[in-house]
Every structure is written in structure tokens, then in C-alpha cells.
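Survey of secondary and tertiary structure
One-letter residues, chain by chain:
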Amino acid sequence: MKRGAFIGGVLAAVATAGAAHAQATATTTGEARASVVRTLAMASRSPLSFGLIAADQAAFSVQVTPAGAISATRQGVLVPSPVSAGSFEVSGEPNRVYSVDLPASINLSAGGQGMTVTGLQLQFSGAQSQGGSGLLASDGRQVFNVGGTLGVAASQAPGDYVGSYVVTARYQ
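Attention here is on the structure that accompanies the text.

So, how was this worked out
- Note that residues are indexed from 1 along each chain, following the sequence as it is written.
- Where local features are concerned, this predicted model is filtered to residues with pLDDT of at least 70; where side-chain atom pairs are given and counted, the filter is 80 or more; whole-chain, interface and lining totals use all residues.
- Excluding hydrogens and water, the side-chain values take into account all heavy atoms of the structure.
- Strands here are runs of E lasting at least two residues and helices are runs of H or I lasting at least four, both read from the DSSP assignment and numbered beginning at the N terminus.
- Only protein chains enter the accessibility calculation, which uses a 1.4 Å probe; a residue whose area is less than 20% of its type maximum is buried, one above 50% is exposed, and one in between is partly exposed.
- Contact criterion: two residues are considered in contact whenever any of their non-hydrogen atoms come within 4.5 Å of each other.
- Residue-level accessible areas treat just the shown protein chains as cover; the underlying method is Shrake-Rupley with a 1.4 Å probe.
- Any two strands between which DSSP finds at least two bridges are classified as paired.
- Centre distance within 6.5 Å is the pairing criterion for rings of Phe, Tyr and Trp, where only the six-membered ring of Trp is used; planes under 30 degrees apart are then read as stacked, over 60 as edge-to-face, and the remainder as tilted.
- Here, nonpolar core means buried Ala, Val, Leu, Ile, Met, Phe, Trp, Tyr and Cys residues that are tied together by side-chain atoms lying within 4.5 Å of each other.

**Regarding the overall build of the protein chain**
When helices and strands are counted, the protein chain shows one helix and 12 strands. Reading the protein chain from its N end, one meets helices and strands in the order α-β-β-β-β-β-β-β-β-β-β-β-β. Every one of the 172 residues in the protein chain was classed for burial, and the buried ones make up 23%. Within the protein chain, residue pairs in contact and separated by at least 24 positions form 73% of the contacts whose partners lie at least 6 positions apart. For the protein chain, the accessible area works out to roughly 10,900 Å², and carbon and sulfur atoms hold 54% of it.

Here's what the structure looks like:
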């Protein structure tokens, strides 16, 4: 009888060891997902235009706000003319937040002469997030405006000064 109990105990130990080994491994099924959103696109609607400016013997600056208002640090240098903030339209996935990156400056040139626009600022239409982020409307669109400050040198040479700048929008 003792021998039977001994064999039974050995078999129980082997069965327990096998069960412990079986419990050390487990498997399950995972899931992978991906959501595809509309491509983010952007188009320029109007240029950042400082209008007509009269040269002066002293340097000064001209500011166009994102709302399109103009001012100058010198009196009498702004000639009545059309002025506009730069305007851009972004389109993409409705109700998505996106960010906008503007350059630090824009270089304008005419006939070998130059001027620089600095202090670029954004203003979003409709609903928006804070800082440099906008929120696409339920139709997937939003317009934002860009303003800046143009530095005009003393006795700036006359000419039609033109420059381009890169604006980048990306989903957040």
C-alpha cells in the first residue's frame, strides 16, 4: 500500500508540475486600427499688403494687423491706398485642431534694395484654439489672417518691393 501511495504522490507531483507549466503561457487576440482623415490643404487668398508708403529722411516702421488695420511710427508717411492682411484658407477634416507656423521674417526687394517684415501675427476666424492653433469648422474649413511690421530705412529707395514667405499648417 505504501508503494501505491508513493506512486500516486509522484503522479500527482508530475501532474501539478505540468499544470504549473501550462499556466505560465497565455495567448489572446489583439486588434489593430487606423483612421484616415482628409488631407490638410491651404491656399493663399490675399497678400500681406502695406499699400503706398512715402520715403522719409528718418527710418520708421509700418504695421498691418491681422485685422487689416495700418499704422506707422512716423506721421505723414502713409499714402491713402488699399492695404490688407495676408489671408489663407485651410481645409481638412472637420472639427480638427491644426497648428500654423510662420517665418521669423519676410524679405522684400526691389531693384537691389530691400526691406524686412518682422513680428508676424496670426488671427483665426470663427472658433479657434489658443496661440498658433486653429480649429477647422464643421465644413472642414477655416480662414486665418497674417499681419506684420515693415521696417522702412531712412530715404528708402522708391520701388515695388515684393517677397514671398512660407506658411505651414499641420494637424495636431
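**Here's the deal with the side chain of Ser133**
On the secondary structure map, Ser133 appears in strand S10 (residues 133-135). The class for Ser133 is buried, based on a relative accessible area of 10%.

**Re the pairing of strand S8 (residues 105-110)**
Because side chains alternate across S8, one face comprises the buried residues Ile106, Leu108 and Ala110, and the other comprises Ser105, Asn107 and Ser109, none of which is buried. Here six bridges tie S8 to strand S9 (residues 113-124), and the two strands are oriented antiparallel to one another. Each residue of the ladder has a partner; that of Ala110, found in S9, is Gln113.

**Details of the packing of aromatic side chains**
With the rule as written, the count across this model stands at four aromatic pairs. For the ring pair Phe88 and Phe144, a centre distance of 5.4 Å and an interplane angle of 20° mean the geometry is stacked. Within this pair, whereas Phe88 is found in strand S6 (residues 86-91), its partner Phe144 is found in strand S11 (residues 141-152), the two being separated by 56 residues in sequence. Each member of the pair Phe88 and Phe144 is classed as buried. Centre to centre, the rings of Phe88 and Tyr165 are 6.0 Å apart; their planes meet at 80°, and the pair counts as edge-to-face.

**Remarks on the nonpolar core**
Among the nonpolar cores identified, the biggest contains 24 residues, and Leu48, Phe50, Tyr98, Val117, Phe144 and Leu150 are the most heavily contacted of them. Those elements that provide at least two residues to this core are strand S3 (60-64), S6, strand S7 (97-101), S8, S9 and S11. Ignoring sequence-local partners within four residues, the contact set of Leu150 consists of Phe50, Ile53, Phe60, Ser61, Val62, Leu108, Met115, Thr116 and Val117.

**Re the environment of Ala59**
Take Ala59: it is sitting in the loop between strand S2 (52-53) and S3. Here Ala59 falls in the exposed class, since its relative accessible area comes to 51%. Taking the C-alpha atoms as reference points, Ala59 and Ala153, 94 residues apart in sequence, are found 4.4 Å from one another. With residues up to four places along the chain from it excluded, the contact list for Ala59 reads Arg74, Val152, Ala153 and Ala154.

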